Amino acid sequence: KLAQLAKDELNKWKTGTIKEGNPQTLQRLRDYWQQGTKTNKSDNYYINNAWSAAFISYVMKKAGAGDKFKYSTLHSDYINAAKQNRKNNIKSFQAFRKSEMPVTVGDLICYPRTNGVTYDTTGGYFAHCDIITDIKPGSAIAVGGNVSDSVKQSIYQLDGNNKVTTDKVHAIIKTLL
C-alpha cells in the first residue's frame, strides 16, 4: 500500500515535471505539511522549506502507520526512532545499515545531507529518505518528495543480494508490522 501511495503521488506531480508552488499541486503540498506533520503555516512557508520529510510522513499516515511511525519535519527524527525500535525489539519500523538487509518494496532508503553522519549518529541532522516502489535486477526504484522541487523517482544500485551499494545511503527502514 505504501509503495502504491507513493506512485500515486508521483503521478499527481506528473513524474516530477510539475514543481512546488504550481496551482495544480499546491493543495498536495499543504496536505503533506498539515496532515503529515500537523504544521500549519503559509503557502510561502510550505514552498520555501524542505518538505521531503513532510511528504514521507503524509504517505506513511495515509498508508495506515498510525502511532507506530514518528511523523516529523526532519527525516532524522524517524530514522532515530526506527533505530530505537530495533534496539528495543519493537516490531514496527526498524532501521538497519545498508549492508545488513536486502531492500524490498515499501522500505525507506535514507541518506544524510550533513557531513560526517553515519548510521550510528544520533540527534537531529539533515537527511533525505525515499520510498522503494519497485525492485529490478541491480536496482531499486524509489519515490521521494522535494526532489528538484517536485515528487520524483530515484534509482539506487543493488548488488546480487538486493543490498544497496550506493555509498551515500546510511540507513534502510523496514516495515515490520
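Whatever comes next refers back to the structure up there.
Now for a description of the structure that goes with this document. (Residues numbered from 1 in each chain as written. Predicted model: local features only at pLDDT ≥ 70, side-chain atom pairs only at ≥ 80, totals over all residues. Heavy atoms only, no water.)

**Re the state of the cysteines**
To keep it simple, the criterion reads: The rule for a disulfide is simple: a pair of cysteine sulfur atoms within 2.5 Å. Under the scheme used here, helices are H or I runs from DSSP no shorter than 4 residues and strands are E runs no shorter than 2 residues, and both carry numbers assigned from the N terminus. The cut-offs for exposure are 20% and 50% of the maximum accessible area for each residue type, with area from a 1.4 Å probe on protein chains only; residues under the lower value are buried, those over the upper are exposed, and the others partly exposed.
According to the stated counting rule, one finds one disulfide in the structure shown. The partner cysteine of Cys 110 in its disulfide is Cys 129, sulfur to sulfur 2.2 Å. Disulfide Cys 110 to Cys 129: torsion about the S-S bond roughly 110°, handedness right-handed. Pair noted here: Cys 110 is in strand 2 (residues 108-112) and Cys 129 is in strand 3 (residues 127-136), with a separation of 19 residues, a long-range link. A relative accessible area of 0% means that Cys 129 is categorised as buried.

**What to know about unusual backbone geometry**
At Lys 14, a position not held by glycine, the phi torsion is positive, near 55°. Along the polypeptide, Lys 14 turns up in the loop between helix 1 (2-12) and helix 2 (26-37). Its identity is not glycine, yet Lys 38 carries a phi of approximately 60°, on the positive side. Relative accessible area serves as the criterion here: at 67%, Lys 38 is assigned to the exposed category.

**So, the pattern of salt bridges**
Spelled out, the test is: By convention in these notes, a salt bridge is any Lys or Arg side-chain nitrogen within 4 Å of a carboxyl oxygen on Asp or Glu.
Applying the stated rule across the entire model yields nine salt bridges. Here Lys 7 makes a salt bridge to Asp 134, at a shortest N to O gap of 3.2 Å. On the criterion of sequence distance, the pair formed by Lys 7 in helix 1 and Asp 134 in strand 3 is long-range, its members being 127 residues apart. Using a relative accessible area of 25% as the deciding quantity, one classes Asp 134 as partly exposed.

**With respect to helix 2**
Test applied: Expected helix span is taken as 1.5 Å per residue step, with the number of steps being one fewer than the number of residues. We call two residues contacting when some pair of their heavy atoms lies within 4.5 Å.
When the terminal C-alpha atoms of helix 2 are compared, their 16 Å separation across 12 residues agrees well with the 16 Å that a helix rising 1.5 Å per residue should span. Within helix 2 the residues assigned to the buried category are Leu 26, Arg 28, Leu 29, Asp 31, Tyr 32, Trp 33, Gly 36 and Thr 37. Each element contacted by the buried residues of helix 2 is listed here: helix 1, helix 3 (43-48), helix 4 (52-63) and strand 5 (150-157). Lys 38, located one to two residues past helix 2, shows a positive phi value of around 60°.

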